[in-house]
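What the coordinates show
Spelled out from the first residue to the last, the chains are:
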Amino acid sequence: MTSAHSAEKPGRTVILGTDWWTDCDDAAAVRIACRAHKAGLWNLTGIVLNACMPYSVPSLSAFCTAEGMESLPIGIDRSAVGYGGNPAYQKLLASLPHPDASNESAENGLDLYLRLLEQTEEAELLEIGYPQILASLCAHPTGYRYLRDKVKCLWMMAGNWENNGHGRENNIARAPMSRQAAAYLFEHCPCPIVLLGWEVGAAVISGTPRTIPDDSDPLRMAFIAHGSRNGRSSWDPMLVLLALTEDIGEAGYTLRRGYASADAETGENSFRYDDSGPHGYVVKKYPDSRYSDEIARWLK
Ligand SMILES: [Ca+2]
């Protein structure tokens, strides 16, 4: 049973944004976010879908139901149909038990952010997908005020920072909507942003059959349907664990601080280094196995 969605409960309030799109690492991330909530480590008050595929809401609802969080509010950007791609696991997961939920009946993603942020004094946002709803939140007068006054940190899987902060990555560069949104968000977002880039998660493999031997486990189902029977890169679960640990050093990283930016036309990301800047990207301190072992402890 899930009962802890009230903003009155003390502790950290977090809202997760996800594309829940073609890649299965979002499912690993959602599992960790839900399990951290169930363990009382934070209050996950909602999940917002920023890509809209035919079975987005029912499949996420079914996955959350399997995690014991069937009442978790789910919002969606119904206009986000332009990211293309073939959703590998949504229809399969939507066949699992879940409350009556559909893309059509789900709350609008921006409205859900505004509603959840209205109900809390302080929150953190986690983003493991496309940034256009967050950009809309930032462009909204009340949303901007919440970002400035209530949001302690935006934790984002986005960009590729390994070449002196310069690169290109799907969550920003996928389509005109994500490129323009990332450019706007980096320029205007009034809260600190901590970025975990492509280079951090690519070689860290999670969701292996050794970790999850049961093929009927919904997470395993998503990995197999995605074609990742032997595991997958860990961008999204690493972002969630970074945010969960909160302390960058304790999470296993150093932080390069400065100003992130994105080219609204090309989607390329850049970074201007400044030790007092509001943005930062993380760099791994340890071998990949340190991170994959930690993820495995959460997923099994
Ligand atoms: Ca994702």
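Below is a short write-up of the structure. This one's a predicted model, so the numbers in the text were calculated from it and none came from an experiment.

Notes on the overall build of the chain
- Along the chain, the regular secondary structure elements total 12 helices and 12 strands.
- For a compact globule of 300 residues, the expected C-alpha radius of gyration is about 19 Å, and the chain comes in at 17 Å, within 12% of that figure.
- If one aligns the C-alpha atoms of the chain with their principal axes, the spans along those axes are about 50 × 40 × 40 Å.
- By the burial criterion, 58% of the 300 residues in the chain qualify as buried.
- A separation of at least 24 residues holds for 80% of the contacts in the chain among residues at least 6 apart in sequence.
- Carbon and sulfur atoms provide 49% of the accessible area of the chain, an area that totals close to 11800 Å².
- Considering the chain, the positive charge centre built from 27 side chains and the negative charge centre built from 37 side chains are found 4 Å apart.

Things to note about helix α8 (residues 176-188)
- Taking 1.5 Å of rise per residue, the 13 residues of α8 would be expected to cover 18 Å, and the 18 Å separating its terminal C-alpha atoms lies within 8% of that figure.
- Contact partners of the buried residues in α8: α5 (132-139), β6 (151-157), α7 (170-173), β7 (193-196), β10 (253-262) and β12 (279-284).

Focus on helix α1 (residues 25-38)
- For α1, which comprises 14 residues, the first-to-last C-alpha distance of 20 Å matches the rise-based estimate of 20 Å (1.5 Å per residue) to within 8%.
- The element α1 is largely enclosed, with a buried count of 12 among its 14 residues.
- Of all the positions in α1, only D25, D26, A27, A28, A29, V30, R31, I32, A33, C34, A36 and H37 are classed as buried.
- The positive-phi residue at the C-terminal boundary of α1 is G40, with phi of around 80 degrees.

Notes on the coordination of the calcium ion
- Within the first shell, the calcium ion binds the protein through D19 (OD), D26 (OD), D26 (OD), I128 (O) and D236 (OD), at distances of 2.3 to 2.6 Å.
- Of note, the donors binding the calcium ion are all from one chain and are spaced D-x6-D-x101-I-x107-D. Highlighted residues: D26 in helix α1 and I128 in strand β5 (residues 123-128), separated in sequence by 102 residues. Across this residue pair, the class does not change: D26 and I128 are buried.

A closer look at the pattern of salt bridges
- Inspection of every chain in the model, using the stated rule, returns 13 salt bridges.
- For D217, the salt bridge goes to R31, with nearest N and O atoms at 2.8 Å. Of this pair, D217 sits in the loop between β8 (205-206) and α10 (218-226) while R31 sits in helix α1; the two residues are 186 residues apart in sequence, bridging distant segments of the chain.
- Overall, the relative accessible area of 14% leaves D217 in the buried class.
- Given the relative accessible area of 2%, R31 is considered buried.
- For the salt bridge of E294 with R290, the shortest nitrogen-to-oxygen distance reads 3.4 Å. Here E294 and its partner R290 are both found in helix α12 (residues 288-299), four residues apart, which amounts to about one turn of the helix.
- A residue is classified by how much of its surface remains accessible, and E294, at 17% relative accessible area, is buried.

Section: the environment of F223
- Relative to the helices and strands, F223 resides in helix α10.
- If sequence neighbours within four positions are ignored, F223 has contacts with C24, A28, S206, G207, S228, R229, G231 and R232.

About the thresholds
- Residues numbered from 1 in each chain as written.
- Predicted model: local features only at pLDDT ≥ 70, side-chain atom pairs only at ≥ 80, totals over all residues.
- Heavy atoms only, no water.
- Helix = DSSP H or I, 4+ residues; strand = E, 2+ residues; numbered from the N terminus.
- Rg over C-alpha atoms; globule rule 2.2 N^0.38 Å.
- Buried < 20%, exposed > 50% of the residue type's maximum accessible area, 1.4 Å probe, protein only.
- Contact = heavy atoms within 4.5 Å.
- Areas by Shrake-Rupley, 256 points an atom, 1.4 Å probe, with all protein chains shown as cover.
- Lys, Arg positive; Asp, Glu negative; His and termini not counted.
- Charge placed at Lys NZ, Arg CZ, Asp CG, Glu CD.
- Expected span 1.5 Å × (residues − 1).
- Donors = N, O, S within 2.8 Å, 3.2 Å for Na, K, Ca; no water.
- Salt bridge = Lys/Arg side-chain N within 4 Å of Asp/Glu carboxyl O.

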